[in-house]
Amino acid sequence: MAIRTRPPRSVSDIKTHSGRTNNKHETYRNYFQVGALELERWRREREREAAAARIADIDSRIADIDKEKLELLADAAEAHGEKKNDSVLVEKKSSGLKIKY
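Residues numbered from 1 in each chain as written. Predicted model: local features only at pLDDT ≥ 70, side-chain atom pairs only at ≥ 80, totals over all residues. Heavy atoms only, no water.

J.: Help me understand the overall build of the chain, please; the structure alone is not making it clear to me.
T.: Within the chain one finds one helix and zero strands. The buried share among the 101 residues of the chain stands at 1%. As displayed, the chain has an accessible area near 11,200 Å², and 57% of this comes from carbon and sulfur atoms. (Helix = DSSP H or I, 4+ residues; strand = E, 2+ residues; numbered from the N terminus. Buried < 20%, exposed > 50% of the residue type's maximum accessible area, 1.4 Å probe, protein only. Areas by Shrake-Rupley, 256 points an atom, 1.4 Å probe, with all protein chains shown as cover.)

Below you can see the structure in the form of structure tokens.
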């Protein structure tokens, strides 16, 4: 049996052509990147439209809440005003200080 003097090969010893190519002739990469950017822009526009729609919904709900609140306060003020005019106010007389032992 012979003794090996050369170290064993690993994946890093595999010779490839990566990194040696000239990127000037690979314009398809640029077109691919342009396409990817266009898709991302389209997604962001849809996201913006959805957010704007949500904001519009929230604003309309806030307006509805304010409207309902004003209606309820007006009804309460009207009802309170009617009770004062119709009812007779009776004052209670205090019977003095009562202390329980």
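J.: Please clarify how a positive patch on the surface should be interpreted in this entry.
T.: On the surface, Arg-4, Arg-6, Arg-9 and Lys-15 cluster together to form a positively charged patch. With a relative accessible area of 62%, Arg-6 lands in the exposed category. (Patch = residues over 30% accessible without salt bridge, like charges linked within 9 Å, V, L, I, M, F, W, Y side chains within 5 Å. Salt bridge = Lys/Arg side-chain N within 4 Å of Asp/Glu carboxyl O. Lys, Arg positive; Asp, Glu negative; His and termini not counted. Charge placed at Lys NZ, Arg CZ, Asp CG, Glu CD.)

J.: Explain the pattern of salt bridges to me, please; I cannot follow it from the model alone.
T.: Close approach of charged atoms allows side chains with opposite charge to pair. Counted by the stated rule, this structure contains five salt bridges. Between Glu-40 and Arg-44 there is a salt bridge; the shortest N-O distance is 3.9 Å. Here the residue Glu-40 and the residue Arg-44 both occupy positions in helix 1 (residues 27-86), the gap between them amounting to four residues, near one helical turn. For Glu-40, a relative accessible area of 34% gives the class partly exposed. Between Glu-47 and Arg-44 there is a salt bridge whose closest N-O contact spans 3.1 Å.

J.: It is not clear to me how a nonpolar patch on the surface should be interpreted in this structure. Could you clarify?
T.: On the surface, Leu-97, Ile-99 and Tyr-101 cluster together to form a nonpolar patch covering roughly 500 Å² of accessible area. Structurally, Ile-99 is set in the segment after helix 1. A relative accessible area of 52% means that Ile-99 is categorised as exposed.

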